[in-house]
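# Residue-level structure breakdown
Okay, here's what each chain looks like letter by letter:
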Amino acid sequence: MRSPIRVTAIAILALVLGAPGLLPENAAAADKLRVVATTTDLKALTEAVGGDLVDVDSLARGNQNPHDLEVRPSLMVKVRRADLLVVNGLELDLWAEVVVQGANNPKVLPGAPGRVDASEGLLVLEVPTAKVDRSMGDVHPVGNPHYTMDPGMAAQITANILNGLVRLQPQSRPAFEKNRAAFLAAVEQAMGRWAATLAPFKGAKVVQYHPVFVYLFTRFGLVKGGAIEDRPGIPATPGHLSRLIQEMKQERIKLVVVEPWNDVKLAERVAQEAGAKVRVLAAAVGAVKEAQTYLDTVDYNVRTLAEGLR
Amino acid sequence: MRSLVGIGLLSAGVLMSAPAAAQDVEALRQELQQMRKQFEAMREGYEKAIDRLGERIQQLETRPQPAAATPAPPGLAPAPAVAQTAPADPPAIAATPLDLARPRQPFALYGNRGPGQLLFDMGVAGDFIGNLTQRNVDKANAGTFAGRENRFFPREIELALFGQIDPYARAEVRVEAGEEDQGEIALRLAEANLTLLSLPFNTQLKMGQMRNRFGLLNSIHEHDRNFIDAPNVLRWFLGEEGLVERGAELTWVAPLPFFLEALVGVFNGDNEDAFGRGKLSEPLVTGRLRTFFELGDAGAIQLGASVASGETTERHRNTLLGFDAKYKFTPVGWQHPLITLLGEMIYQIRRVNVLGEDTNGDGVPDTPDQTRVRNRWGWYAGGEVQPFQTGWLSRFGAGFRYDWTQYPVMRGREWAVGPFVSFSPSEFLRFRLGYKHTERATRDGFGDNESSARKVDEILFQATFILGAHPAHPF
């Protein structure tokens, strides 16, 4: 009788050798560049540039807060097969480094050709100009990382993605550029509509739960009006909420926006006290059911803001 | 006299309440004013930066392009209303002698120190333990933290430095200080290793001193673990510090649609509790298989099997087999798991020397010295629940652990049960309070100082903080 160890070893070997047959890939899929993006926003923007020539997956789901994603080995499986990894950068998705370390894929290591930091070249908002420490909460020391919320950043983000794709598949440059130009034209067309929708509310203050929508506000002339969190990542204290409600009343702030995973009931209590409304914005593609593409996400956020401020 | 003081305090309170309210309003006004100023400053900064970039683009467009320039690909120009905030790939500009004379990295770092400028990450983790137990347990040094009963002490103050060495390798160095006996602080090298990241066939090689990837908890530092104290089975079979060895580990992630990681390692075998031979000529060999499955959107389970086989100080073989499982249930939209369950089992096959016995009491052994195999085992299972999704209550958790283990060499066994509650004001600070009851099947071996401790009751407290960088925790 064979020993259990030998039987197990044979079973594992058979599994590994038979692995290609288990992989859900056909010949056409094998020719495509396999891209993994850390967030669904970057997945959508990569698909916009790569079109049919890429197969894109994301590590965070749209309904997951990308600040603090649990590093599951299933994420390592995705990165293990990737030709290109697109990260948000600005310390939003630092967890991706742990995923990469566990994936044993040298193609996507930091500095490798298969690594794209989508934040390169962006004008980053809220970069601290003085010393920061954690008494200020879970601050981002290199600036606010939620730039994908601003459709005006799409040109630069997609340029970074395009450069990464071209590095790996230079022969497809014309196709990538064509896809990107078509996508930016669609953004351009929608931008006029979005700007017109929010134009009547220019200068209006909006309270956020967590400062995720600063780029979106800045793009369309809205003003950040405090946050429900005491400090980033720190739950609100009664004293903070009391001050916030007073400020909202004094400043006549009429809207509180939250991400789907925030404490909506708390936001509703604050809004009720201050005589404001609460609206859930899509903090990522796929965060709400109306936001399944990048353009739909911006569209939904703009419509929701306008409706909330009306 | 007391009544006079009370009246005085009451009067002072009444007199101060009105100005305090006025001060609040004034403070809020000042805060508001300050926020307005900050916003104006931010807007001005933004506009200036846009102007500067515009000027730069104009300058670059009017300047003749050098042949080596690699501008952003054609077609990248943003549509007019889509403001591209910076050029994607700035054209290369011929360097002037002045440019060449300027200090460059890494020397330039000293002039530009700031976020993102450090060449590696560093962090400090502090882990303090307090425990209260019975007097006889204290006297017998038979508590969970032997020799530190009824004390509050630093268990593990860790300075961690980690980062990329170059494009092909990363390194981590961890130095720890902690109390080992009453008042005695020991400083030790906890880990120092490098990992080669870009080896062929999707393998990685980690070499140096490391916490071995044997089972679930051994590779995790104490401040990051799910429980206040190390499970009894790990303390008995791997020692107080766990399996920390010098050598190398090779890992391979299988090209499968699900996660399967294989690991083999070769080490000195310095751990005196389990091995202790300490020679590469008779190495400690380790192996591990780990797999993981998502169970729907919310559930996930990790399963592992480990082996460590080496020689003891008696030059006999000791083989440890480990089996582990961890399950987490994280409802969609939650930032932390609602339920975490985990457990490990260790099975030991160890040959030991047994001295001859004096059966007739004449002081001379009547049976010869011999070697025997000790097949011993133990396990633990535990978990934690964090029942609230958001708000302050989400920072609370409650958990438990049950331990059962035989002793690796001597006769007997013990079991323990320990519930605990935890509170984390933020991601970087955590407090735990727990109770642990241990019962041993024997007094032998737990009788220092003419005392004994078969039953042990302990109240345990843990305070943990993290300063600076701390890598995300694996599943």
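The model shown is predicted, which means the values in this text are computed figures rather than measured ones.

Let's shift gears to the overall build of chain A. From N to C terminus, chain A includes 12 helices and eight strands. With respect to the three principal axes, the spread of C-alpha positions in chain A is 80 × 50 × 40 Å. The buried share among the 310 residues of chain A stands at 53%. For chain A, the proportion of contacts with a sequence separation of at least 24, taken over those separated by at least 6, is 60%.

If you tally the helices and strands in chain B, you get four helices and 16 strands. Per-residue burial over chain B gives 28% buried out of 475 residues. Of the contacts formed within chain B by residues at least 6 apart in sequence, a portion of 55% connects residues at least 24 apart.

Another aspect to go through is helix H12 (residues 294-309) of chain A. Residues and elements named next belong to chain A. Look at H12: 23 Å from first C-alpha to last across 16 residues, which is about the 22 Å you get at 1.5 Å a residue. By the burial criterion, the buried members of H12 are Tyr294, Leu295, Thr297, Val298, Asn301, Val302, Leu305 and Gly308. Buried residues along H12 sit in contact with helix H4 (40-50), helix H8 (173-198), helix H9 (214-220), strand E7 (255-258) and strand E8 (277-280).

Let's shift gears to the sheet that holds strand E6 (residues 223-227) of chain A. All names here are of chain A. With parallel pairing, the four strands of this open sheet are ordered in space as E6-E5-E7-E8. Taken across any chain shown, the strands that pair with only one partner, and hence form the sheet edges, are E6 and E8. The average angle at which neighbouring strand axes cross in this sheet is 35°, direction not considered.

Moving on, we get to helix H6 (residues 95-103) of chain A. Inspection of H6 of chain A places Trp95, Ala96, Val99, Val100, Gly102 and Ala103 of chain A among the buried residues, and these make up the whole buried set. Mapping the buried residues of H6 of chain A onto a view down its axis gives an arc of 170°, with all of them on the same face. The secondary structure elements touched by the buried residues of H6 of chain A are helix H5 (73-80) and strand E3 (84-87) of chain A together with strand E6 (244-253) of chain B. Directly after H6 of chain A, the chain includes Asn104 of chain A, whose backbone phi takes a positive value near 55°.

What follows concerns the nonpolar core. With 104 residues, the main nonpolar core has Val79, Val86, Val99 and Val256 of chain A as its most contacted residues. Among the domains, domain 1 (14-189) and domain 2 (193-309) of chain A are the pair contributing at least three residues each to this core. Setting aside chain neighbours within four positions, we find Val86 of chain A in contact with Val35, Ala37, Thr38, Leu42, Thr46, Val116, Ala118, Ile161 and Gly164 of chain A. Core analysis: the second largest hydrophobic core is formed by 21 residues, Val233, Phe267, Ala308 and Tyr407 of chain B among them.

Opposite the 57 residues of chain B that make contact, chain A presents 68 residues. Residues belonging to the side of chain B that touches chain A are distributed by class as follows: 36 nonpolar, 18 polar and three charged.

Before going further, it helps to spend a moment on the domain arrangement of chain A. Residue and element names in this part refer to chain A. Partitioning chain A into domains gives domain 1 (14-189) and domain 2 (193-309). Contacts between the two partners involve 27 residues from domain 1 and, on the opposite side, 22 residues from domain 2. The set of elements that each furnish at least two residues to the side of domain 1 that touches domain 2 consists of H4 and H8. Sorting elements by how many residues they give to the side of domain 1 that touches domain 2 places H4 first, with five residues. When grouped by side-chain class, the residues that make up the side of domain 1 that touches domain 2 number 13 nonpolar, nine polar and five charged.

On to the pairing of strand E3 (residues 169-181) of chain B, then. Residues and elements named next belong to chain B. Strand direction decides the pairing type here: strand E2 (residues 152-166) and E3, joined by nine bridges, are antiparallel. Among the inter-strand pairings, Asp166 is bridged to a residue of E3, identified as Ala169. The turn joining E2 and E3, which pair antiparallel and follow one another in sequence, is formed by two residues. Where E3 and strand E4 (residues 184-199) come together, 12 bridges link them in antiparallel fashion. Note on E4: the bridge partner recorded for Glu179 is Ile185. Between E3 and E4, which follow one another and run antiparallel, lie two residues, and Gly183 among them has a positive phi close to 80°.

Before going further, it helps to spend a moment on the sheet that holds E3 of chain A. Residues and elements named next belong to chain A. Across the sheet, which stays open at both edges, the four strands sit in the order E2-E1-E3-E4 with parallel pairing between neighbours. Sheet topology places strand E2 (54-58) and strand E4 (115-117) at the edges, where each strand pairs with a single neighbour. Along the sheet, successive strands turn relative to each other by an average axial angle of 20°, direction set aside. Bridge count for strand E1 (residues 33-37) against E3 is three bridges, and the pairing is parallel.

Attention now moves to the environment of Asp138 of chain B. Residue and element names in this part refer to chain B. Here Asp138 lies in helix H3 (residues 135-139). Accessibility expressed as a C-beta count within 10 Å gives 20 for Asp138, which makes it buried. For the pair Asp138 and Asp448, spaced 310 residues apart in sequence, the C-alpha separation works out to 9.5 Å.

Once that is clear, we can look at unusual backbone geometry. Although it is not a glycine, Glu126 of chain A adopts a positive phi angle of roughly 55°. Counting through the fold element by element, Glu126 of chain A comes out in the loop between E4 and helix H7 (154-168). Classification of Glu126 of chain A as partly exposed rests on a count of 18 C-beta atoms within 10 Å. One non-glycine residue, Arg315 of chain B, lies in positive phi territory at about 65°. Residue placement: Arg315 of chain B occurs in the loop between strand E9 (299-311) and strand E10 (317-329).

All names here are of chain A. Considering the arrangement of structural elements, one finds Leu45 in helix H4. Residue classification places Leu45 among the buried residues on the basis of 26 C-beta atoms within 10 Å. Not counting the four nearest positions on each side in its chain, Leu45 is found in contact with Ala154, Ile157, Thr158, Ile161 and Tyr294.

Now for the confidence of the model for chain B. All names here are of chain B. Residues with a pLDDT of 70 or more make up 79% of chain B, whose mean pLDDT is 83. The model gives residues 3-21 a pLDDT under 50, and that stretch makes zero contacts with residues more than four places away or in other chains. Within the model, pLDDT remains below 50 along residues 63-116, and this stretch shows 73 contacts once partners closer than five positions in the same chain are excluded. This complex was scored by the predictor with a pTM of 0.79 and an ipTM of 0.82.

Now for the packing of H4 of chain A against H8 of chain A. Residues and elements named next belong to chain A. Interhelical geometry of H4 versus H8 gives an angle of 120° and a closest axis separation of 6 Å. What the angle tells us is that H4 and H8 run oblique. Touching Ala48, Val49 and Gly50 of H4 are Phe176, Asn179, Arg180 and Phe183, all from H8. Of the residues belonging to the contact of H4 with H8, the class tally is four nonpolar, two polar and one charged.

What counts and how
Residues numbered from 1 in each chain as written. Chains lettered and ligands numbered in written order. Predicted model: local features only at pLDDT ≥ 70, side-chain atom pairs only at ≥ 80, totals over all residues. Helix = DSSP H or I, 4+ residues; strand = E, 2+ residues; numbered from the N terminus. Buried ≥ 20, exposed ≤ 12 C-beta atoms within 10 Å, placed from the backbone. Contact = placed C-beta atoms within 7 Å. Expected span 1.5 Å × (residues − 1). Pairing = 2+ DSSP bridges. Axes fitted to C-alpha atoms, helices over the stretch in contact; angles between N-to-C directions. Arc of directions from axis to C-beta. Core = buried A, V, L, I, M, F, W, Y, C linked by C-beta atoms within 7 Å. Domains from an automatic or database assignment. Nonpolar A, V, L, I, M, F, W, Y, C, P; charged D, E, K, R; others polar. pLDDT = per-residue confidence, 0-100. Parallel < 35°, antiparallel > 145°, perpendicular 65-115°, else oblique.

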